[in-house]
Amino acid sequence: MRDTRESRLLLVLLIAIAFALITVDIRGGEESPVDGARQAAATVFGPVENGVAAAVDPVGNAIGAVRDSGDRHDRIAALEHENAALKTKLGSDDRNTSKVRQLDTMLKSAGAGQYGIKAAEVIAIGAAQGFSWTITIDAGANDGLQRDMTVLNGEGLVGRVTTVGPNTATVLLANDPDFTVGTRMEKTDELGFATGQGSRPLSVQFLNGKADVKKGDRLVTFGSSKDKPFVPGVPVGEVVRVDPSGGDLTRTVYVRPYVGFTKLDIVGIVVQAPRDDPRDMVLPKQPKKPEKPKPTPTVTVTVQPNGDLVDGSGKVVGNINEKPGSSASPGASPGASPNASGNADPAAGDAANEQE
């Protein structure tokens, strides 16, 4: 549209009319004369407005999301930090609970054997001395530890101390191939020597080639001279396989150790040996075997032609013709008549049976 004098006059006229309509609409209130025109315009242009809004709203939402993204990111980061701290706390609580449980079990075992122990925590697995099965503990000479002391936990024999530093010590585990300990079998007192075989069961050679050994038998340490390197009575393991002697002077069996050497955490070093050999006192109590169910006694009853029920000994125990609540005594025949005292007459009953 060209910028001419007529176009300017038209623009001024339209503006004046618009102001006039606005003034009339405001003064008219709810009864405005332009209300009908407004409704008609809403009916015509309403769908167009909705379409335009639907197209524009996602853009507006995206702009708002970008505007608020900084605050949301900070909030999410704070929540993630809180969750991580909570998980760490829960994990720490679980670990502490496990340690308390291990320590409690170990103290009970030490009390049963009257061992004086120094508790320590495993801080490393496998020392830098070859391929030996060893652990490093956080206790050493400053804690009263010496070489060749027995190491145990709540389950049984762990090993023996081989190297002692000021604040740490190295323990050779009982499953190491270079580890050997004298053993004694529960109850029978058969003696032998257990040798480690890594991840396999311990190999135990009994001095008596004819020893009566069976699966499930349990072994404890026999003890050493002056209680070094082993104190007596520490649980070693349970027999899982017995090889035939084959005429040899010794007999070899295989024993599953009580201790799980791959999951050691809290251990105890025996710094004071017991005064007396605890024998089998430290071994856990054997679970009771379930009793075999007792057979229910059965009674064979034969029905006689007259209806009498006779047991295996020939005694009449009833009659199939008796009615519940009958005053007849057990064993009386249905044809028996009562005598003067109210009891059935045996002779009359016999006669009735014969007649029947």
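Read on for a plain summary of the structure. Computed from a prediction, not measured in an experiment: that's the story for all the values here.

The next thing to look at is the pairing of strand β11 (residues 251-257). Of the pairings in the sheet, the one linking strand β8 (residues 200-206) to β11 comprises 5 bridges and is antiparallel in character. Directly across from L202, in β11, lies its bridge partner V255. The pairing of strand β10 (residues 235-242) with β11 spans 5 bridges and is antiparallel. If you follow V242 over to β11, its bridge partner there is V253.

Attention now moves to the nonpolar core. Core analysis: the biggest nonpolar cluster contains 45 residues, and Y115, I135, I137, L157, V158 and I269 have the highest contact counts within it. In this structure I135 touches V122, A124, I125, G126, V158, A169, T170, V171, L173 and L264, once residues within four positions along its chain are discounted.

In this structure the tally under the stated criterion is 11 salt bridges. For R184, the salt bridge identified is with D189, shortest N-O distance 2.9 Å. One salt bridge in this structure joins K214 and D217, with 3.6 Å as the shortest N-O distance. Put simply, R184, D189, R279 and D280 are held in one network by salt bridges that share partners.

Before going further, it helps to examine unusual backbone geometry. Glycine aside, residues mostly have negative phi, and peptide bonds are mostly found in the trans state. Residue P229 is bonded to the preceding K228 through a cis peptide linkage, with omega at 10 degrees. With respect to the element layout, P229 can be found in the loop between β9 (218-221) and β10. Residues other than glycine seldom take positive phi values, yet D148 does so here, at roughly 65 degrees. In this model, R279 sits at a positive phi of 55 degrees, which is unusual for a non-glycine residue. For R279, a relative accessible area of 37% puts it in the partly exposed group.

Under the counting rule described, the total for this entry stands at 1 aromatic pair. Between R241 and the ring centre of Y254, over which it is positioned, the NZ or CZ distance is 4.1 Å.

This part is about the sheet that holds strand β14 (residues 308-310). If you trace the 3 strands from one edge of the open sheet to the other, you get β13-β14-β15, paired in antiparallel fashion. The two strands at the open ends of the sheet, each matched to only one other strand, are β13 (302-303) and β15 (316-319). Strand direction decides the pairing type here: β13 and β14, joined by 2 bridges, are antiparallel. Bridging from a neighbouring strand, V303 pairs with L309 of β14.

Where a strand is regular, its side chains alternate between the two sheet faces. Pairing geometry for strand β6 (residues 180-185) and strand β7 (residues 191-197), over 5 bridges, is antiparallel. When the sheet's bridge partners are listed, R184 is paired in β7 with L191. Two successive antiparallel strands, β6 and β7, enclose a turn made up of 5 residues, where K187 displays a positive phi of approximately 70 degrees. One ladder, built from 3 bridges, connects β6 with β9; its direction is antiparallel. Paired with R184 across the bridge in β9 is V220.

Rules used throughout
Residues numbered from 1 in each chain as written. Predicted model: local features only at pLDDT ≥ 70, side-chain atom pairs only at ≥ 80, totals over all residues. Heavy atoms only, no water. Pairing = 2+ DSSP bridges. Helix = DSSP H or I, 4+ residues; strand = E, 2+ residues; numbered from the N terminus. Core = buried A, V, L, I, M, F, W, Y, C linked by side-chain atoms within 4.5 Å. Buried < 20%, exposed > 50% of the residue type's maximum accessible area, 1.4 Å probe, protein only. Contact = heavy atoms within 4.5 Å. Salt bridge = Lys/Arg side-chain N within 4 Å of Asp/Glu carboxyl O. Phe/Tyr/Trp six-rings, centres within 6.5 Å; stacked < 30°, edge-to-face > 60°. Lys NZ or Arg CZ within 6 Å of the ring centre and 35° of its normal.

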